[in-house]
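# Inside the fold
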There are 2 protein chains.
Amino acid sequence: MRQSKFFMPTLKEAPADAVAESHKLMLRGGYIRQVTAGVYAYLPLGYRVLRKAENIMEEEMSKIDVPEMSMPHFLPASLWEESGRLKKYGPEMFRLKDRHGRESLLGPTHEETFTEIVAKNLKSYKQMPIALYQIQTKFRDENRPRFGLLRGREFIMLDAYSFAATADQLDQQFEDERRAFANVFKRCGVQVRQVIADSGTMGGKNSTEFQAPADIGEDTIATNESGSYSANVEMAESVDTFKQAPEDPKEVAKVATPGQKTIADLVKFMKVPATRIVKSVLYIVDDKQTVLVLIRGDKKINEIKLTHLLDADSVREANDKELKEITGAEKGGVGPVKADWADKIIADNTVKGLYNFVVGANETGYQLKNVNLNRDFTVDDFGDIRVANEGEPDPVDHQPLKFTTSIEVGHIFKLGTYYTQTIGSKFLDKNGKAQPVIMGSYGIGVTRMLSAIVEQHLTKFGVAWPKEVAPFSVHIVQMKMNKEEQTKLAEQLEKKFSAKYDVLYDDRKERAGVKFADADLVGAPIRITVGKKAGDGIVEVKRPTDAKATEIPVDKLDNFVNKELG
Amino acid sequence: MRQSKFFMPTLKEAPADAVAESHKLMLRGGYIRQVTAGVYAYLPLGYRVLRKAENIMEEEMSKIDVPEMSMPHFLPASLWEESGRLKKYGPEMFRLKDRHGRESLLGPTHEETFTEIVAKNLKSYKQMPIALYQIQTKFRDENRPRFGLLRGREFIMLDAYSFAATADQLDQQFEDERRAFANVFKRCGVQVRQVIADSGTMGGKNSTEFQAPADIGEDTIATNESGSYSANVEMAESVDTFKQAPEDPKEVAKVATPGQKTIADLVKFMKVPATRIVKSVLYIVDDKQTVLVLIRGDKKINEIKLTHLLDADSVREANDKELKEITGAEKGGVGPVKADWADKIIADNTVKGLYNFVVGANETGYQLKNVNLNRDFTVDDFGDIRVANEGEPDPVDHQPLKFTTSIEVGHIFKLGTYYTQTIGSKFLDKNGKAQPVIMGSYGIGVTRMLSAIVEQHLTKFGVAWPKEVAPFSVHIVQMKMNKEEQTKLAEQLEKKFSAKYDVLYDDRKERAGVKFADADLVGAPIRITVGKKAGDGIVEVKRPTDAKATEIPVDKLDNFVNKELG
């Protein structure tokens, strides 16, 4: 490709509102341009990277026998009513009416459509296991689109869906996709950690995220040093190292603690350690149930874990008004003793093995001390609903947890039968019995991954693209366009390397400084500069991470290029 | 690809609402499925054809040095306000508001976006000529989506845009695109005619359509036998063979013609040939100007040609009320003599060379006879504003015009400076003078073209895909999956041909009848049946257009396949 024909509007400075380094680089290099908030055009340079990444995905999906297809963007709202997600999705979903007034939406994801179009066609166990995928534009009306391609309103995803007749088949499909995804990220040059993840509004329980560590990441992952444990902090577990020495139960006593609302207040006022206090928080679950949640005073409640333990759609803390109405007490005064007003009492595992502890008296400004589990109150269910902290031992090898910000670039779920049951898609199993199809769903944030690649491969002046996704493999930069011997050599090299590699040839009548600055932004694995010594058969080569260029005779160039790109 | 892993839900009968043969075939073969009216999912088989067609387009665009990029689907309405098309586009445009209430739309085409993102970056003549393209989903809220992929609400287009500093550069770009488009259609196996076309709401004047003759087509093209003349009937010209013998002008006389409203009425009532009557029709132009349009009584007015002659945005016939108010006469009584109320009088060329003819008297129920041009009235402008009829001589070689229904699969326009002037994009020319960038726009209806290919390649039981776009090149059909010698040979052939071609291997435990019926729908250029004689090294080959299969020894298969597909 001749650079004179290649639209690549570079900028000296990125616009002031670009914060993320990857966003700045892609704007400066003319990879992308914003059309409206969170909505980008992929200019030729960006488009080339995108397509190379997509090609890798296509190859890896093909290796696990998953064929490609494509669903529409414009979808009828009715499908989403069936699955119950029309309401759940909220304002992030773009909705519109067509000319006949029919409620429609722009697909933010495609579980419903695949269930309708694919699962409903699977009538017999003989047609399974089967899987399909698409690489396609999604729409989500983010409240605050930001960081360029990282959180946009229109973006590209690979989404794969698997359909199985048995749980074993699903497990196999899940592992196939995991392997394919890992290969994709490896070939695209993105370093990722596979972490335990929450499945959010997608439904299903068994899910793994592919997280790419990066400063600009919006997620935090908790990992141990050996790599044997990795989890999104939303789901991270840790070992609770505190252990209270056994004590004989003492008599419960009521203590006035006027104006003391927080655990820290009580520690100071009552002169007891936080580990001797049990915090009680009232939650409203699925907008109807009242659940009192207990945790040891030095720990925090993780609402995602809580949601899972309760198998709920939503949890929220009761507000001050609700708290007073339901419990009779105000904040700081609520507790589990004689809490008949709660539909359920749930406790974190840290509440086990405590003796003679402090809880709210269910009266504003009063606590009870010397309270004991099972003697003074009972708990309906225990579980890990605690926020894990950095430095705590991981649950596998007991190494200290390390927290890292990262970008979620992929996510694989065992969906199970949620969609096939709500939308109604059954097949006949080996015994002739109708069963719901068992689904899995697997996604890669394709455009977001581009941001992750750049974040992980920035250089001082530009980017060093991993070779399989570089927009061009070889960048030939001719110093002076009016020097015939340079033109002759450059054209010769262009022809030779184009036979095997993607070559960009800078044939513009520009100053050397402009050409080199642009080349740093193109970030091709190899830059060949054809300059003064062209007549002597000598050029310069430079890799983006090299501090400076090196002279090389033209007859040794083949070897160098093939070795670097091979 | 193993067919057991390949989601391809075939149907015995197409749904009753499918009318077009191509639509039926694509539904029956599991190429596509409707998700909502005019909105389709491309299942794996359809997606393969789509991608092969897209690859051909990418290769042909690359040959003329036009790089690929991609614009977003979700666009701000503001851009379309600048160009004036927000109103013009009407109810076909999908509009929506984002969560902040900002007016947005789904791109039905991208002239505005390319002007904004590309043309505005071109500051100097040195940066031109340059061109870009995308292959991307478009949205148009058709009132009556129909014929499957032929007229959908969500569809895929290739749209290219060129940017030039001079008219010569534009001409060159236009010819490059014309050549590239012609190659695309040839390689995709679509027979097309390049025809003179109207440019409609796109702006610009010089435009050519690529029309694929097909029964289901919604357009009609007028062509001569030698191929030297082809035009959309909307724009078709023909030679007017009528010639009136010269006469001396007679005195004008008023004739009562009570209740006679049409030319046919007058011919009968006045006993004159239609060629001695001049029809006068009052038009309202651009909702403000009153233009009286004259044409010889035996001919019809072509409103598209009229629009061009007047350089107008819109023309419409005055309604009865307006006619009476403006002219004082009712239908049938209007004429050009003393028509001071008209802003302008325009006449078709057929009005020239007439003597002593009849026109309306501008009084209900009266005509004037013996009227003569220039003596009794004058005309502001003449031109060809006449509907051409089948059988009339073409304007180039005077061969009879033939009308054919056809599908518009491509359209190339010289846009000129309409968008760059309205949106404001100027560059400095060689003399340092600011000039608007000169644009061209070039489109292929990619998914619509798929319909055209099928329409042109139907067989008795399925389709015969042209080899470059066939979903698979070789279809290996194994008769009995429980016969070891068949499996051995089929797998051997799969491995051998997969190295060079796209192979589908029917490994399903299905009856022969089912397998052959499905193979007819897949339409691969070569079907290899591995059956009874597998053990003797004999298989059957069949091309979709062959009446029946032919036995062939396995060692001659290579030659046969390479010859067919080479």
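What you are looking at is a predicted structure, and each value in this text was computed from that prediction instead of being measured.

What follows covers the sheet that holds strand S18 (residues 366–371) of chain B. Residues and elements named next belong to chain B. Read from one edge of the open sheet, three strands run S12-S18-S17, paired in antiparallel fashion. Single-partner strands in this sheet number two, and they are strand S12 (253–256) and strand S17 (357–360). Averaged over all pairs of adjacent strands, the angle between their axes in this sheet comes to 35°, without regard to strand direction. Inspection of the sheet shows S17 paired to S18 by three bridges, in the antiparallel sense. Opposite Phe357, over in S18, you have Val371 as the bridge partner.

Looking now at the packing of helix H2 (residues 44–63) of chain B against helix H11 (residues 446–456) of chain B. All names here are of chain B. Contact pair H2 / H11: the axes reach a minimum separation of 10 Å and the direction vectors enclose 110°. Considering their axes alone, H2 and H11 lie roughly perpendicular with respect to each other. The handedness of the crossing between H2 and H11 is right-handed. Mapping the contact onto sequence places Gly46, Val49, Leu50, Ala53, Glu54 and Met57 in H2 and Val446, Thr447, Met449 and Leu450 in H11. For the contact of H2 with H11, the class distribution of residues is seven nonpolar, two polar and one charged.

It is worth spelling out the environment of A:Ser70 at this point. Position of A:Ser70 relative to the elements: it lies in the loop between helix H2 (44–63) and strand S3 (74–76). Setting aside chain neighbours within four positions, we find A:Ser70 in contact with A:Gln134, A:Gln136, B:Ala41, B:Tyr42 and B:Tyr47.

The subject of this paragraph is the packing of aromatic side chains. Overall, the coordinates contain 22 aromatic pairs over all chains when judged by the stated rule. Relative to A:Trp465, the ring of A:Tyr31 lies with its centre 5.7 Å away and its plane at 50°, an arrangement referred to as tilted. Taken together, the positions of A:Tyr31 in the loop between helix H1 (21–28) and strand S1 (32–36) and A:Trp465 in the loop between helix H11 (446–456) and strand S24 (474–478) put the pair 434 residues apart, joining distant regions of the chain. Across the pair, exposure class does not vary: A:Tyr31 and A:Trp465 are buried alike. Arranged with centres 6.4 Å apart and planes meeting at 90°, the rings of B:Phe181 and B:Phe185 form a pair that is edge-to-face. Of this pair, B:Phe181 and B:Phe185 both sit in helix H6 (residues 167–187), separated by four residues, roughly a single helical turn. Assigned by exposure class, B:Phe181 and B:Phe185 land together as buried. One aromatic cluster is present, built from ring pairs that chain together A:Phe181, A:Phe185 and A:Phe210. Just above the ring of B:Phe174 sits the side chain of B:Lys414; from NZ or CZ to the centre is 4.9 Å. Of note, B:Lys496 hangs over the ring of B:Phe497, and the distance from its end group to the ring centre comes to 5.8 Å.

Residue and element names in this part refer to chain A. Parsing chain A into structural domains produces domain 1 (10–237 + 403–454), domain 2 (253–383) and domain 3 (474–565). The distance between the C-alpha centroids of domain 1 and domain 3 comes to 39 Å. Taken together, the eight residues of domain 1 in the interface contact four residues of domain 3. Where domain 1 abuts domain 3, roughly 520 Å² becomes buried across the two surfaces, and 53% of that area is made up of carbon and sulfur atoms. Interface area lost by domain 1 to domain 3 is led by Thr10, Tyr31 and Leu45, which between them contribute 49%. A salt bridge links Arg48 to Asp502; its shortest N-O distance comes to 3.5 Å. Where domain 1 packs against domain 3, one counts four residue pairs in polar contact (both at pLDDT 80 or more). Looking at the side of domain 1 that touches domain 3, the elements that each hand over two or more residues are H1 and H2. Here the side of domain 1 that touches domain 3 takes three residues from H2, the largest share from any one element.

So, how was this worked out
Residues numbered from 1 in each chain as written. Chains lettered and ligands numbered in written order. Predicted model: local features only at pLDDT ≥ 70, side-chain atom pairs only at ≥ 80, totals over all residues. Heavy atoms only, no water. Pairing = 2+ DSSP bridges. Helix = DSSP H or I, 4+ residues; strand = E, 2+ residues; numbered from the N terminus. Axes fitted to C-alpha atoms, helices over the stretch in contact; angles between N-to-C directions. Parallel < 35°, antiparallel > 145°, perpendicular 65-115°, else oblique. Left-handed = near helix turned anticlockwise from the far one by under 90°. Contact = heavy atoms within 4.5 Å. Nonpolar A, V, L, I, M, F, W, Y, C, P; charged D, E, K, R; others polar. Phe/Tyr/Trp six-rings, centres within 6.5 Å; stacked < 30°, edge-to-face > 60°. Buried < 20%, exposed > 50% of the residue type's maximum accessible area, 1.4 Å probe, protein only. Lys NZ or Arg CZ within 6 Å of the ring centre and 35° of its normal. Domains from an automatic or database assignment. Buried area = accessible area lost by both parts, 1.4 Å probe. Salt bridge = Lys/Arg side-chain N within 4 Å of Asp/Glu carboxyl O. Polar contact = N/O pair within 3.5 Å; in protein donor to acceptor, adjacent residues only side chain to side chain.

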